[in-house]
Each structure stands twice: as structure tokens, then as C-alpha cells.
Amino acid sequence: MSNYHIKDLEEYYKVYRKSVREPESFWEEIAEEHFVWRKRWDKVLSWDFKSPEIKWFEGAKLNITENCIDRHLFTKGEKTAILFEPNDPKEAAEHITYNQLYKRVNQFANVLKSKGIGKGDRVCIYLPMIPELAISVLACARIGAIHSVVFAGFSATALSMRINDSDCKMVITSDGSYRGAKTLDLKGIVDEALEACSCVENVLVAKRIQSEILMKEGRDCWLQPLLDAASTECAPEIMDAEDPLFILYTSGSTGMPKGMVHTTGGYMVYTAYTFKNVFNYKEEDVYWCTADIGWITGHSYIVYGPLANGATTVMFEGVPSYPDCGRFWEVVEKHKVTQFYTAPTVIRSLAKEKLDFVNAYDLSSLKVLGSVGEPINEEAWHWYNDNIGKKQSPIVDTWWQTETGGIMLSPIPYVTPTIPTFATLPLPGIQPALMDELGNEIEGKQVDGRLCFKYPWPSMARTIWGNHQRYKETYFSTYENMYFTGDGALRDTVGYYRITGRVDDVIIVSGHNLGTAPIEDAINEHPAVAESAIVGFEHDVKGNALYGYVTLKETGESRMHDNLRKEINQMITEHIGPIAKLDKIQFTGGLPKTRSGKIMRRILRKIAGKETSNLGDTSTLLNPEVVQEIMDNAL
Ligand code: WTA
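Small disclaimer: the values here were computed from a predicted structure and weren't measured.

Criteria and thresholds
- Residues numbered from 1 in each chain as written.
- Predicted model: local features only at pLDDT ≥ 70, side-chain atom pairs only at ≥ 80, totals over all residues.
- Heavy atoms only, no water.
- Pairing = 2+ DSSP bridges.
- Helix = DSSP H or I, 4+ residues; strand = E, 2+ residues; numbered from the N terminus.
- Core = buried A, V, L, I, M, F, W, Y, C linked by side-chain atoms within 4.5 Å.
- Buried < 20%, exposed > 50% of the residue type's maximum accessible area, 1.4 Å probe, protein only.
- Axes fitted to C-alpha atoms, helices over the stretch in contact; angles between N-to-C directions.
- Near = heavy atom within 4 Å.
- Polar contact = N/O pair within 3.5 Å; in protein donor to acceptor, adjacent residues only side chain to side chain.
- Areas by Shrake-Rupley, 256 points an atom, 1.4 Å probe, with all protein chains shown as cover.
- Nonpolar A, V, L, I, M, F, W, Y, C, P; charged D, E, K, R; others polar.
- Phe/Tyr/Trp six-rings, centres within 6.5 Å; stacked < 30°, edge-to-face > 60°.
- Lys NZ or Arg CZ within 6 Å of the ring centre and 35° of its normal.
- Parallel < 35°, antiparallel > 145°, perpendicular 65-115°, else oblique.
- Contact = heavy atoms within 4.5 Å.
- Salt bridge = Lys/Arg side-chain N within 4 Å of Asp/Glu carboxyl O.
- Arc of directions from axis to C-beta.
- 1 Å grid on protein atoms, 1.4 Å probe; cavity = no way out; pocket = protein on both sides within 12 Å on 5 of 7 lines; lining within 4 Å.
- Points joined across faces, edges and corners; volume = space filled by probe spheres on them.

Chemist: Just checking my understanding: could you explain the sheet that holds strand β11 (residues 202-206) for this structure?
Modeler: Where strands meet in a sheet, backbone hydrogen bonds hold them as pairs that are either parallel or antiparallel. The mixed open sheet is built from eight strands, whose spatial order is β12-β11-β8-β6-β7-β14-β15-β24. Edge positions in the open sheet fall to β12 (220-222) and β24 (463-464), since each of these has one partner strand only. Two strands pair when backbone bridges link them, and strand β15 (residues 258-263) and β24 are joined in this way by two bridges, in the antiparallel orientation. Residue pairing in the sheet places Met-260 in a bridge with Ile-464 of β24.

Structure below.
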């Protein structure tokens, strides 16, 4: 059991040094001792950040579901694997044991096979947070199909783009979903999306809200009768360690979202190892991550990481404010949750409510609190620490990305002393570097720069689906022989890292990454709009909110502007989803541009942030006069 569970700071430094000195034997030992392989690897690692090409555990054979399910059956078949907590607190929670999960995943896998899905086929999953979501993900992995989960808050257009990009043969959805007091018509969205997708042959529909929906003859099937008729045995497809496990889309600063491709062996090893250490996971724990499985956090730390450790993982269907703002804490008390992992935006929104919502519940089961998705500000950190953790539960501020597959920088609870707003230290195997704008590494302490990694780790994405060139340009071309994250960071006197935010045109709103270009493209499709530019500005709950500067083809009367604002947000909702709506829309006669015609976002960002005292030199602009106009009318 060497190196696996780090127990004190001295051991952390020892393990960390080993992981840098001998990365291959470090990961090899972990892979060897903690997982089931059908065949051992020929080579632990081969890599080249120029091509780029990265391979871990090459030649090894395995199935990840054998590691997440089958191997636990002998020792903990009757233990709860997935604890499903429904949207409505009056509906009973469902405890799915490892034995039951085994059967349900196999049945689902057999249904997929009967519909012609096999190894390497892409399956799009567009489901709410119900057990079928986790089960369908695992069923794909069982037969070697590549799942592409799309968050069930994305619009029909966004869904169809993702389905077409990876040529999915099947869509798995439900008749609808519950979100607090509301229901959403997911099947209607799928139907609309599929008008633009010719690759999809079958749609499987889970029943959740019992609404009347249209079923298209020859394409759509209700899931349950098929599951009921399917065998509970399905032999796992034996995969190569480097076979793709899934595709997950993330927004880039430009154009089409990027379909990040994660492979099987390295992803499994890394998510399992980090889950164990970052959450101080112990056998009797009840672990709860509030993310949606539609995001990477849910893939790695609701499904794969916890199940690979044989943990009990909570899946929550609802929202933090329903039926009231005490819901999270009610669930913690009810299930005696030991680890609670959420996003700063959720903490900030709950911190605005009365403390009675918290104090009504017994939270003494908690032992680790986690944060992910965006920088956690000091105030939110203290609120979380004081009121939820009662100063007893360490907070792990975990920094990572869809692309990294697993947590990269984080305290290890009860090991690493924490400081608010610092993600602290790299986990073993992770080698960060800060770079300056000229491409030099910044050594030493008390420095800031752009966050990169100089050595591969097992769970890094291997490519962008269908576009390796874009993978290379986005992550490996800014700095030679480095993976570039797109984030800025500083390193303090003890070597702790603090993330300062994105340095590209991605804005994180309520923990969701949004590229500005796709939003601008959506707005520009409005017939009245000539041009637009989106920037972020600070928001006390969402972290950042979106501010849009829009020029119109004809200026029109200002009384029309409110209608236009609604229409613009409607366009965004249709093209991307409600998460990308603008908080502020300012109509302006022009946008500040450089002589080469590039929009000067730096100026727009400052105006949106009300930092107009120091706009820098605007005299080189093509149209300096618009700056004053924009300032005078700023919202
Ligand atoms: C940001 C989420 C500060 C960061 C797992 C990163 C964070 C982007 C943190 C990835 C954190 C994530 N502190 N910033 N603890 N965690 N970020 O792909 O800008 O949805 O690049 O992955 O979120 O977001 P993604």
C-alpha cells in the first residue's frame, strides 16, 4: 500500500519528491497495487508535448467498470454504491448497492448492444441527475462505447452541435426533469436538436416526470421495458488503456466547444488516487459532490473516482433552494454525509440566506469540505469554514479543469495547512510551472505568471475529438514543451499556489466556463445587431456576470431597447442555454478598436468593472471618441 494514502506533511513531501524524481515507478506502483488489469502494460509512459502525444500504461488491458463495480462485489456487494436523493424531499431516497449496480449496468449495457451500439461508438447522454445517468455512463464503459454527456441545461442548438461533432449514433434522455418547483421538457429539446442530426439512429427515453411526450416511431424507445427484458450479465469489453473512455465538451475562447477525449487506464488511476487523498476517503464514509454529471467534476468525482474506491456516492437531483435554502444541510444530516464538495457560487448564494437554514441541521458528520470550479473568495471561504465546517473540517480548494481529468492543485485534508483562497500545493505527480509573457519560466517564490505543467499526468485529455491540431494549438503551442492551462496564478513564499483567474476569453459564470465568441456569434445573428463584445464583471454570487456591448445596424429609439435586450437574451438561450444570458446590455454607437480592427476588450472590461480612472492609452485607437460615449452611458 505504499504511497497511496498520504497521512502527514512530511510524507507528502517525500511522496511528492519521489513522484518528480521517478514518475514512472511512482505511478506504476499505484497502478499495480490498486486496480484490476486483464493484462499488464508494456510501457508506463511515453510522451512528447510537441506532437503532442501522451500514452500511459500502453499495452495494458482492462475494463474500468470491473474496477468500479465487479471487484467490489465479493467484499461489499450489499454496500450502497449510489445514494440517490430526489428533487422532492418527500420522495424516498434510493440506495443502490454494488450488487444492484452491477445488475443494472449490465442490463443497460445489453440494451445498448441490442440497439447496435458497440466498442468505439459514440453515445450522447442528455439526462437529469437520476440514477439512469450514472448507470448509462457505466453501461457505455462496460461495452467500450464512448459516452458524451451533455449537461441537461444546454439548448437544442448546443446539443445538436455536440451530437454532430462526435457523430453520436444514439441519444439517451428522459421524458423530462425536475428542477426545484419546475419541470423541463428534455425530450422536446432532444426532438428539436435531432432535426439537425442525421447520425442518430436510436433514442432511449427514461421515464421520470410522467409527462405526455411524442415518441417517434422507429427511433424512440422507452427504456424501462427494454431493461426489464435484458439479462443482468454482460461480459465487460476488454479495452486498451489508451482506448477512449469518454468525450466531454468544454467551451473554448473561440468557436465550437472542444470535445476533450479522455482515455481509460490513466484516467482511472488518477481519479481514484486523487479521490482517496483529496477527500481523505475511508470505508464507512458517505461522500457527496453536488455537481452535475454533465460536467467533469461529476464524471471524475461522482462516478469514476468514488466507485473505483468502492465508496458510497450521493447523487442529488434537486437544487440548493428547494423546497428552501436549507435543503443541502437537510441532506447532509439525513444521510450523515462525511465529505461535501461544491462550488463557490453555491456557497455565496447560500451565505446570503439566514443562518437559520444552516443551524436547523446537525452537520457534525462532516469531515472534509471541498470547493471547485472558480476561485473562492475569502468571505465565502470563511462562511463555509465557520458555519458549515464549524472550523473542524478542512476545506480543500481544488484546482483543475475538464482537460486535466482530475484534481491537480489542492490541499490534502488533515495534512496540508490551508490558507483561504489558496489551492495550495500540487498533488503528487503534478509539476506546475509559472511562465512569463516572453515564454520564460519564473522560478522562485512570491511570483506570478501563467500556470503551466511541464510533465504529463495520467488523466490528462489526449486530444480534441476530430481536431488534434486545435488540441496542439490551444494547450501546447503557447509555451514550448508545456501544457498551458489558460489560468494565471501566483506562488507565495511557502510555495503555495493561488489561482488569479482566466487569462483568455473564457469567463467563468457561476462555475460554468463560457467562451465569449460563441455568445457574440449568437447575438450577432439578431437581425438588428451589427456587432457585439462580451466581457465579464464581478458579481457577488456568480463570481462573474456577463456584460454585453452591442452596436445596432440602425440606432432606433431607446424605448425599443428593453425589447431588444429580451430578444438578445432569448437568442443566447436558444443557441447556448440560459446560463449564458447577459446581466447587462449596453447599446453603443461603436466599439473601441485597434487600427488593425481588433476590439479592445481591455477597455471594455475596465468600463464594465467601473475602473475608469486608469484606462491606459486610448490614443492609438481607430476610434478613441467612442470610449467617452461608452463611459457616459455605462450601466
Ligand atoms: C477554474 C472544473 C480557481 C479555472 C473542474 C479552470 C478554478 C477552470 C478552480 C476549469 C479553483 C477550477 N480555483 N479557479 N479551485 N477550479 N477553476 O473545465 O479557471 O469546468 O481553468 O473544470 O475553472 O473549469 P472546468
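Chemist: So what exactly am I meant to see when it comes to the nonpolar core here?
Modeler: Soluble globular proteins: nonpolar side chains tend toward being buried together. Within the largest apolar cluster, 122 residues are counted, with the highest numbers of intra-cluster contacts made by Trp-37, Phe-57, Leu-101, Leu-112, Phe-279 and Tyr-304. No other element matches the nine residues that helix α6 (residues 131-143) contributes to this core. If you look at the next biggest cluster of nonpolar residues, it comprises 40 residues, including Val-150, Cys-199, Ile-572 and Phe-587.

Chemist: Quick question: what am I supposed to make of the sheet that holds strand β29 (residues 529-539) here?
Modeler: Taken in spatial order, the three strands line up as β29-β30-β31 in an open sheet, and their pairing is mixed. The open sheet is flanked by β29 and β31 (584-587), the only strands paired with a single partner. Across this sheet, the average inter-strand angle for adjacent strands is 20°, counted without regard to direction. Across four bridges, strand β30 (residues 543-552) lies against β31 in parallel orientation. By the bridge assignment, Gly-548 is partnered in β31 with Ile-585.

Chemist: Which parts of the structure should I look at to understand the site of the ligand?
Modeler: Residues in contact with the ligand amount to 17 residues; listed here are only the nearest, Asp-397, Thr-398, Thr-402, Asp-487 and Arg-502. For the ligand, a nitrogen atom lies 3.1 Å from a polar atom in the backbone of Gly-373. The side chain of Asn-513 places a nitrogen or oxygen atom 3.1 Å from an oxygen atom of the ligand. For the ligand, whose free accessible area comes to 530 Å², the fraction covered by protein is 95%. Of all elements in the fold, only α11 (296-308), β20 (395-398) and β26 (497-502) reach the threshold of two or more residues within the shell around the ligand. Partitioning the shell around the ligand into residue classes produces seven nonpolar, six polar and four charged.

Chemist: When you look at the packing of aromatic side chains in this model, what are you seeing that I'm missing?
Modeler: Any two aromatic rings considered together are summarised by their centre-to-centre distance and by the angle between their planes. On inspection of all chains with the given rule, the structure shows 47 aromatic pairs. Centroid distance Phe-537 to Tyr-547: 6.0 Å. Interplanar angle 85°. Geometry classified as edge-to-face. Here the residue Phe-537 occupies a position in strand β29, and Tyr-547 occupies one in strand β30, the gap between them amounting to ten residues. When its relative accessible area of 0% is taken as the criterion, Tyr-547 is described as buried. Within the aromatic cluster, the residues linked to one another by ring pairs are Trp-47, Phe-49, Trp-399, Phe-453, Tyr-455, Trp-457, Tyr-471, Tyr-475, Phe-476 and Tyr-483. A cation sits over an aromatic face here: Lys-207 above Trp-222, 4.4 Å from the ring centre. Note that Lys-584 overlies the ring of Phe-537, its terminal NZ or CZ placed 4.7 Å from the centroid.

Chemist: Can you help me understand the packing of helix α13 (residues 344-351) against helix α15 (residues 378-388) in this one?
Modeler: Packed helices, taken two at a time, are described by the angle between their axes plus the distance between the axes. Interaxial distance between α13 and α15 falls to 9 Å at its minimum, and their mutual angle equals 75°. Considering their axes alone, α13 and α15 lie roughly perpendicular with respect to each other. Residues Ile-347, Arg-348, Leu-350 and Ala-351 of α13 form the contact with α15, whose own contacting residues are Ala-380, Trp-383 and Tyr-384.

Chemist: Even after reading the chapter, I still don't get the pattern of salt bridges, so can you show me in this structure?
Modeler: When their charged atoms lie close together, side chains carrying opposite charge are able to pair. A full pass over the atoms with the stated rule returns 40 salt bridges. Residue Lys-39 pairs with Asp-42 through a salt bridge whose shortest N-O separation is 3.3 Å. Here Asp-285 makes a salt bridge to Lys-367, at a shortest N to O gap of 2.9 Å. One end of the pair, Asp-285, is in the loop between α10 (265-278) and β16 (286-289); the other, Lys-367, is in the loop between α14 (356-359) and β19 (368-372), with 82 residues separating them in the sequence. Assessed through its relative accessible area of 16%, Lys-367 is described here as buried. Ionic contacts of the salt-bridge type, sharing partners, join the residues Glu-85, Arg-327, Glu-330 and Lys-334 into one network.

Chemist: Explain helix α20 (residues 625-632) here, please?
Modeler: Along an α-helix, a turn takes 3.6 residues, which lines up residues three or four apart on a common side. Along α20, the residues classified as buried are Val-626, Val-627 and Ile-630. One face of α20 carries all of its buried residues, which in axial projection span an arc of 105°. Exposed residues pointing more than 90 degrees away from the buried face of α20 are listed as Glu-625 and Asp-632. Structurally, α20 contributes buried residues whose contacts are with β30, β31 and α19 (601-608).

Chemist: Quick question: what am I supposed to make of the side chain of Lys-18 here?
Modeler: Looking at where Lys-18 falls in the secondary structure, it is placed in helix α1 (residues 9-21). On the accessibility criterion, Lys-18 (16% relative accessible area) is buried. A polar atom in the side chain of Lys-18 sits 3.1 Å from the side chain of Glu-29.

Chemist: What exactly am I supposed to notice about empty space enclosed by the protein here?
Modeler: Here the idea is plain: a probe the size of a water molecule rolls over the atoms and shows the empty space left. Summed over all chains, the structure comprises four cavities of 30 Å³ or more. Quantified by volume, the largest cavity comes out at close to 50 Å³. Around the largest cavity, the lining residues are Asn-63, Ile-64, Ala-141, Gly-144, Ala-145, Met-239, Pro-244, Leu-245 and Thr-264. Its residues assigned to classes, the lining of the largest cavity shows six nonpolar, three polar and no charged.

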